[in-house]
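Per-entry structural report
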Amino acid sequence: MAIRLFDSLTRTTRELQPSHADGVFRFYNCGPTVYAPAHIGNFRTFVVNDVLRRLLELEFGANKVKHVRNLTDVDDRTIGQAKKESRPLADITQHWTKLFHEDCTALNLLPPHHEPTATGTIKEQVNMIEVLMEKGHAYRAPDGSVYFKLATFPGYGGLSRIKERELKITNAVADADHKDSVSDFALWKAYKPEEDGAVKWPGPRGAGEGRPGWHIECSAMSKSLLGDTIDLHTGGVDLLFPHHENEIAQSQCCNGTTFARHWYHSEHLLVDGTTMSKSKGNYYTLRDLVAKGYDPMAVRYALLAGHPRKQLNFTLDSLHAAESAIKRIESYAKKLLSYGAITAAEFPDYFKTTDKPKVWGVLGIVWDMLCDDLSTALALGHLHKAINAFQFPTGPSPYRFEIELAELSKVMFMFGLRLSLEEKKSAVAPAEITALAEKRWAAKAAKDFATADALRKEIAAAGWSMLDRKDGYSLEQLKK
Ligand code: AMP
Ligand code: ZN
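Residues numbered from 1 in each chain as written. Chains lettered and ligands numbered in written order. Predicted model: local features only at pLDDT ≥ 70, side-chain atom pairs only at ≥ 80, totals over all residues. Heavy atoms only, no water.

**Observations regarding the site of ligand 1**
- Gly 41, Thr 45, Asp 238, Leu 269 and Met 276 are the nearest of the 19 residues found near ligand 1.
- Within the contact set of ligand 1, an oxygen atom lies 3.0 Å away from a side-chain nitrogen or oxygen of Asn 42.
- Here a nitrogen atom of ligand 1 sits 2.7 Å away from a polar atom, N or O, in the main chain of Leu 269.
- Here ligand 1 loses 94% of its free accessible area of 500 Å² to cover by the protein chains.
- The set of elements that each furnish at least two residues to the shell around ligand 1 consists of α1 (40-60) and β9 (232-236).
- For the shell around ligand 1, the residue count by class is five nonpolar, 10 polar and four charged. (Near = heavy atom within 4 Å. Polar contact = N/O pair within 3.5 Å; in protein donor to acceptor, adjacent residues only side chain to side chain. Areas by Shrake-Rupley, 256 points an atom, 1.4 Å probe, with all protein chains shown as cover. Helix = DSSP H or I, 4+ residues; strand = E, 2+ residues; numbered from the N terminus. Nonpolar A, V, L, I, M, F, W, Y, C, P; charged D, E, K, R; others polar.)

Now the structure itself:
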């Protein structure tokens with residue numbers, strides 16, 4: 001089954017196909033702004049994109065997918081944070097990039113093939129701005145900034161369907177000085193010593209020193225690494241306007257051809273019914289959750305437990321449900337392994353080594369669901385349905401379940417879920433941990449969630465995780 005995905009531009013579900021003669025599928029995903037921790041809302045977007053990347057690799061071949069995800073390491077927010085902490089910009093952005101990468105590894109995200117930074121591609125951005133100025137799509141403002149002249153691109157608004165009147169209001173609020181028209185947006189921002197400190201580069205020909213506007217970075221990185229036309233461009237729904245609308249305008253006016261053949265936007269993760277965001281400060285990080293004893297794989301599972309194009313409300317209960325769901329998959333895998341075809345250590349890569357990689361047993365429906373507009377929640381539902389319905393032989397059997405192991409291994413690769421299949425020596429929790437667990441269970445029953453939360457952290461700090469069920473709990477030693 002081919003991969004079909006909703007396209008935000010045409011508002012239809014369309015098949016994904018590489019368009020270049022080399023057969024390489026070109027995929028650009030807008031990356032994080034590195035001035036604060038990435039929260040699990042950001043990671044919902046990156047995990048969803050990671051599943052997409054995995055499907056593309058399975059469909060077209062691992063060496064036939066080129067995935068770029070950038071790092072925004074210069075913009076108003078990064079500069080603002082550096083100023084607030086009185087530290088050089090690079091100190092701030094390198095610190096948060098390192099932590100971002102650690103979280104990506106813990107969440108089992110495949111590294112993109114290229115991870116360009118905005119500060120590392122100033123030349124490419126300046127070149128594009130110069131072309132836009134030469135072609136009459138951009139102009140220098142009196143203060144030395146450069147703006148994109150919206151009136152020169154009649155296709156503007158095609159992605160977001162934003163009406164001209166709304167556009168004027170939105171942009172007028174954002175930035176109104178020095179422009180010919182309030183709707184024009186900045187490609188290059190003139191240096192302002194009091195705001196920018198030491199952050200500045202030589203500008204495009206005819207403009208002053210300064211720094212790039214945010215939108216131009218993705219247009220320039222995408223062009224330099226993937227070419228003028230890419231096969232898929234993705235990001236969270238908040239990027240649809242103005243970021244992606246502006247990217248289309250810049251790229252198409254500069255390159256004279258279609259920028260992205262397919263656009264995909266995933267919806268936000270909510271907490272207490274509102275969008276989780278760095279600026280609101282109402283967020284969970286992966287580290288917060290790991291400190292409370294949750295496994296990153298449970299977080300990854302919980303982030304995939306809703307349809308990516310629908311908002312998902314994050315709760316600790318959803319994490320408990322994810323923990324139990326993973327345990328059920330692990331039990332199924334262990335039972336299959338008990339027939340002796342392969343060892344637990346061979347399981348993760350088994351689908352790549354088996355000589356029947358295209359054969360599906362009972363889990364073919366999971367692949368079909370993921371290929372049907374990335375329906376992760378339905379796919380997980382079908383996975384559990386198939387596992388629950390699976391009939392193992394009652395007595396000894398010569399059948400070694402190679403197909404079932406291969407397809408489960410492949411399905412785990414698609415979801416990016418690592419299973420714990422090695423038999424753990426089940427350690428017995430020491431008395432002081434059991435005492436803390438009892439206190440936490442009582443606090444939870446009394447709905448004193450603050451105390452219950454604090455105790456969970458204390459238990460995790462001592463190396464134990466408390467797994468809640470409806471009727472009780474169990475204690476497991478955390479992996480070292
Ligand atoms: P930022 O670091 O703010 O540039 O965001 C990085 C990515 O996370 C972008 O694709 C955003 O659209 C996405 N994003 C931001 N907030 C959320 C959220 N609450 N849920 C899902 N994705 C988000
Ligand atoms: Zn972008």
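**Points about the side chain of Gln 81**
- For Gln 81, the position within the fold is in helix α2 (residues 76-84).
- There is a polar contact of 2.8 Å between the side chain of Gln 81 and the side chain of Glu 85.
- Not counting the four nearest positions on each side in its chain, Gln 81 is found in contact with Tyr 35 and Ile 92. (Contact = heavy atoms within 4.5 Å.)

**Digging into the nonpolar core**
- Counting residues in each nonpolar core, the largest one holds 125 residues, and the members touching the most others are Phe 43, Phe 148, Leu 187, Leu 383, Leu 408, Met 412 and Phe 415.
- Of all the elements, α1 adds the most residues to this core, at 10 residues.
- In contact with Met 412, other than residues within four places in its own chain, are Ile 329, Phe 347, Leu 383, Leu 417 and Leu 419.
- If you look at the next biggest cluster of nonpolar residues, it comprises 10 residues, including Ile 433, Ala 437, Leu 455 and Trp 464. (Core = buried A, V, L, I, M, F, W, Y, C linked by side-chain atoms within 4.5 Å. Buried < 20%, exposed > 50% of the residue type's maximum accessible area, 1.4 Å probe, protein only.)

**Regarding the domain arrangement of the protein**
- Domain boundaries assigned for the protein yield domain 1 (4-266), domain 2 (270-415) and domain 3 (431-477).
- Facing 35 residues of domain 1, the contacting portion of domain 2 comprises 34 residues.
- Regarding the contact of domain 1 and domain 2, the summed buried area is about 3,100 Å², with carbon and sulfur atoms giving 65% of it.
- Where domain 1 meets domain 2, there are three salt bridges.
- The shortest N-O distance in the salt bridge between Asp 50 and Arg 300 comes to 2.8 Å.
- Where domain 1 touches domain 2, the interface holds 14 residue pairs in polar contact (both at pLDDT 80 or more).
- Those elements that place two or more of their residues in the side of domain 1 that touches domain 2 are β1 (4-7), α1, α3 (89-106) and β10 (263-266).
- Element by element, the count of residues in the side of domain 1 that touches domain 2 is highest for α1, at 15 residues. (Domains from an automatic or database assignment. Buried area = accessible area lost by both parts, 1.4 Å probe. Salt bridge = Lys/Arg side-chain N within 4 Å of Asp/Glu carboxyl O.)

**What about the state of the cysteines?**
- On inspection of all chains with the given rule, the structure shows zero disulfides.
- Cys 104 takes part in no disulfide bond, and the closest cysteine sulfur, belonging to Cys 30, lies 15 Å away. (Disulfide = S-S within 2.5 Å.)

**Some points on the coordination of the zinc ion (ligand 2)**
- The protein atoms that coordinate the zinc ion (ligand 2) are Cys 30 (SG), Cys 218 (SG) and His 243 (NE2), at distances spanning 2.0 to 2.2 Å.
- Looking at Cys 30, the relative accessible area reads 5%, which means it is buried.
- Using a relative accessible area of 1% as the deciding quantity, one classes His 243 as buried. (Donors = N, O, S within 2.8 Å, 3.2 Å for Na, K, Ca; no water.)

**Quick look at the sheet that holds strand β5 (residues 138-140)**
- With antiparallel pairing, the four strands of this open sheet are ordered in space as β5-β6-β7-β8. Single-partner strands in this sheet number two, and they are β5 and β8 (210-212). Adjacent strand axes in the sheet meet at a mean angle of 20°, parallel and antiparallel pairs treated alike.
- Looking at chain direction, β5 and strand β6 (residues 146-148) are connected through three bridges and run antiparallel. (Pairing = 2+ DSSP bridges. Axes fitted to C-alpha atoms, helices over the stretch in contact; angles between N-to-C directions.)

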